[in-house]
Amino acid sequence: MDSTTINVKNVSKVYKIYNKPQDRLKQTLFRGRKQYYHEFSALKDISFTIHRGEFVGIIGQNGSGKSTLLQLIAGTLTPSEGEIKVNGRISALLELGSGFNPEFTGRENVFLNGAILGISRSEMEKRYEDIVNFADIGDYIDQPVKTYSSGMYVRLAFAVAISVDPDILIVDEALAVGDGRFQLKCFERIKAMKEAGTTILLVSHDLQSIRQFCDVCYLFDKGKLLEFGNPNEVVNHYTKVLFSKEDKPLVEVKSQEAPSESFKGANNNKLEKAVQEYRYGSQEGIIENIEILNDNGEPVTSIDTCDQVIIKMKVKAKKNISKPIYALTIKSIKGLEVYGTNSYFQNYPFEPLKEGEVLEVQFIQRVSLMPGNYFLSFGFVELVDGEIVPLDRRYDFFELKVLSKEKDRSFGIANLETNILIKSPVTEVK
Ligand SMILES: Nc1ncnc2c1ncn2[C@@H]1O[C@H](COP(=O)(O)OP(=O)(O)OP(=O)(O)O)[C@@H](O)[C@H]1O
């Protein structure tokens, strides 16, 4: 069976922008003899294929075209050029306000949505209790939707969207409106749907969720698909897009051309670098060298859980830097940010650097992490007019192996080293 669920081929979307509402009317009257609008390309020649059961994350800055794309796939917009083929039933949670009639009650909207998706009333009645339980909005279900808070609205919209057994579930940022507990419940449900073969498209500015849940991530910028692939890598690249300025684009440094690469590991062997190291920055200051040493001052690539390491980072200023900041982030192998800190967050006073100056920064770190592999990222940035300017960022530079000390089968990410005391029963005195 063909596993293709969505095929987008050379799709562009052009919006007509009218300066004044009356221009739209004039345009109709003059029937093209004069143009009262200008065109704006929201999506430019986009092509990709999504396969059955994929969990796709879509990211990009405001206005990059994400919602337009989802609406095109959902069929609520038509492309100006190109073709979209969708295989299966789509259930879409697009922007708030779409999908429900505000004058109808929650209950009425549930059945209305079912009908729109071609589900009979009797079938919807069978699902109704589940929907109400998931939404958990109490008596509001019998109130007009226009009286709902945005949180209540999302709860009901999500409950309906998942109840219709879609082949493709599209979620446009809507979850961000719900409270934390509800978001978690939604993600749990989305994961279960994915396991069952549903294809999921999620637009989100929550990069942690994208890293954690998605199989593949698409990055849009100014209407173009910049890249797609491994969520961790694409999210890393996205931070570069976010920090780049029109007048001062940041440089991407490929590992092989990285300046004075002298990273040393155990036995002084040159270490195998984390495959997906991603490096960028203005390069007006560089991270020259990083060493991870154990308590005995020996370079290590693996340590026991809860051991302390000293991470030495050598940086070089290529210009005068008045407010330098030094940063460390630890991520799990699945991309979850376990911990991040920097000298600024820790209120370390700024010590200006002169051009050519070389400095060693030490992160003294107890690694209270459960056994597993973790990525370490490093940053050398500058604060300019209250804004962070990346000089040299080295994401996922190093993969650290944390080993178990004894036969401890505790689980989780943080090793909080609980001591369990079991006391013999206390006999009560009558
Ligand atoms: N109906 C419309 N008419 C004219 N321009 C539009 C219309 N809808 C969207 N646009 C423009 O198209 C561009 C892409 O918008 P879109 O909503 O798809 O971006 P987005 O990536 O979803 O942004 P956000 O993260 O802010 O939701 C924006 O510049 C927006 O102003």
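Residues numbered from 1 in each chain as written. Predicted model: local features only at pLDDT ≥ 70, side-chain atom pairs only at ≥ 80, totals over all residues.

Draft legend 1. Up close: the overall build of the protein. Tallying secondary structure elements over the protein gives eight helices and 19 strands in all. With the principal axes as the frame, the protein shows a C-alpha extent of 85 × 75 × 45 Å. Counting contacts in the protein only where the partners sit at least 6 residues apart, residues at least 24 apart contribute 73% of the total. (Helix = DSSP H or I, 4+ residues; strand = E, 2+ residues; numbered from the N terminus. Contact = placed C-beta atoms within 7 Å.)

Draft legend 2. Spatial organisation of the domain arrangement of the protein. For the protein, the assigned domains read domain 1 (4-235) and domain 2 (253-403). Going through the elements one at a time, α7 (207-213) and α8 (231-243) are the ones with two or more residues in the side of domain 1 that touches domain 2. Of the residues belonging to the side of domain 1 that touches domain 2, the class tally is one nonpolar, three polar and two charged. (Domains from an automatic or database assignment. Nonpolar A, V, L, I, M, F, W, Y, C, P; charged D, E, K, R; others polar.)

Draft legend 3. Structural detail: helix α5 (residues 150-163). Here α5 spans 20 Å end to end across 14 residues, near enough to the 20 Å set by a 1.5 Å rise per residue. Across the 14 residues of α5, twelve count as buried, placing the element largely inside the fold. Buried within α5 are the following residues: M152, Y153, V154, R155, L156, A157, F158, A159, V160, A161, I162 and S163. Tucked inside the fold, the buried residues of α5 contact β5 (90-93), α3 (106-116), α4 (121-135), β6 (168-172) and α6 (180-195). Note on α5: the residue one or two positions beyond its end, D165, has a positive phi of about 45°. (Expected span 1.5 Å × (residues − 1). Buried ≥ 20, exposed ≤ 12 C-beta atoms within 10 Å, placed from the backbone.)

Draft legend 4. Structural detail: the nonpolar core. Counting 61 residues, the largest nonpolar core has L70, L93, A157, F158 and I170 as its most contacted members. By residue number, the principal contributor to this core is α5, which donates ten residues. Core analysis: the next-biggest nonpolar cluster, separate from the first, contains 25 residues, I287, Y326, F397 and L400 among them. (Core = buried A, V, L, I, M, F, W, Y, C linked by C-beta atoms within 7 Å.)

Draft legend 5. Expanded view of the sheet that holds strand β2 (residues 37-51). Taken together, three strands build an open sheet; the order of strands is β2-β1-β4 and the sheet is antiparallel. Strands with a single pairing partner mark the edges of an open sheet, and in this sheet they are β2 and β4 (81-86). Direction aside, neighbouring strands of the sheet carry axes that sit 25° apart on average. In this structure, strand β1 (residues 4-18) lies alongside β2, joined through eleven bridges in antiparallel fashion. Looking at the pairing, I17 lines up with H38 of β2. (Pairing = 2+ DSSP bridges. Axes fitted to C-alpha atoms, helices over the stretch in contact; angles between N-to-C directions.)

Draft legend 6. Seen up close, the sheet that holds β6. Across the sheet, which stays open at both edges, the six strands sit in the order β5-β6-β7-β3-β8-β9 with mixed pairing between neighbours. With partners counted over all chains shown, the strands left at the sheet margins are β5 and β9 (224-229), one partner each. Strand-to-strand twist in this sheet, taken as the mean axis angle between neighbours without regard to direction, amounts to 15°. For strand β3 (residues 55-60) and strand β8 (residues 216-221), the ladder comprises five bridges, and the chain directions are parallel. Note that in β8 the partner of V56 across the bridge is V216. Together, β5 and β6 form the strand contacts of α5, whose direction differs from that of β5 by roughly 170°. The sheet strands contacting α8 are β3, β8 and β9, and the helix crosses β8 at an angle near 20°.

Draft legend 7. Broad picture of the packing of α3 against α4. The contact between α3 and α4 brings their axes to 10 Å, and the two run at 130°. For the element pair α3 / α4, the angle class is oblique. For the element pair α3 and α4, the recorded crossing hand is right-handed. Mapping the contact onto sequence places V110, F111 and G114 in α3 and R121, M124, Y128 and I131 in α4. Looking at the contact of α3 with α4, its residues break down into five nonpolar, one polar and one charged. (Parallel < 35°, antiparallel > 145°, perpendicular 65-115°, else oblique. Left-handed = near helix turned anticlockwise from the far one by under 90°.)

Draft legend 8. Structural context of the site of the ligand. Taken together, Y15, I17, F40, A42, G60, N62, G63, S64, G65, K66, S67 and T68 form the complete shell of residues around the ligand. If you list the elements that add at least two residues to the shell around the ligand, you get β1, β2 and α2 (66-74). Tallying contributions element by element places α2 first for the shell around the ligand, with three residues. Residues that form the shell around the ligand fall into these classes: four nonpolar, seven polar and one charged. (Near = placed C-beta within 6 Å.)

Draft legend 9. Expanded view of the packing of α4 against α5. One can describe the packing of α4 onto α5 by two numbers: an axis separation of 8 Å at closest approach and a directional angle of 140°. Seen along the crossing, α4 lies across α5 with a hand that is right-handed. Residue-level contacts link R127, D130, I131, F134 and A135 of α4 to R155, L156, A159, V160 and S163 of α5. Taken together, the residues of the contact of α4 with α5 sort by class into six nonpolar, one polar and three charged.

Draft legend 10. Structural detail: the confidence of the model for the protein. Across the protein, the average pLDDT comes to 86, with 91% of residues at 70 or higher. Element-level pLDDT for the protein is lowest in strand β10 (residues 251-252), with a mean of 74, against a maximum mean of 97 in strand β14 (residues 308-317). In the model, residues 256-275 has pLDDT below 50 throughout and makes 25 contacts with residues more than four positions away in sequence or in other chains. (pLDDT = per-residue confidence, 0-100.)

Draft legend 11. Representation of the environment of E387 within the structure. Counting through the fold element by element, E387 comes out in strand β19 (residues 387-403). Put simply, E387 and F243 are 144 residues apart on the chain and 9.6 Å apart in space, counted from C-alpha to C-alpha.

Draft legend 12. Representation of the environment of N101 in the model. Here N101 lies in the loop between β5 and α3. Along the chain, N101 and L369 lie 268 residues apart, while their C-alpha atoms are 49 Å from each other. N101 has contacts with N109 and L112, leaving out every residue within four places of it along the chain.

Draft legend 13. Summary view of the pairing of β6. For β6, a buried count of five out of five residues is recorded, marking the element as mostly surrounded by other parts of the structure. Along β6, one buried face is formed by I168, I170 and D172 and the opposite face, lined by L169 and V171, is buried too. As defined by bridge partners, β5 adjoins β6 across four bridges and the pair is classed as parallel. Each residue of the ladder has a partner; that of I90, found in β6, is I168.

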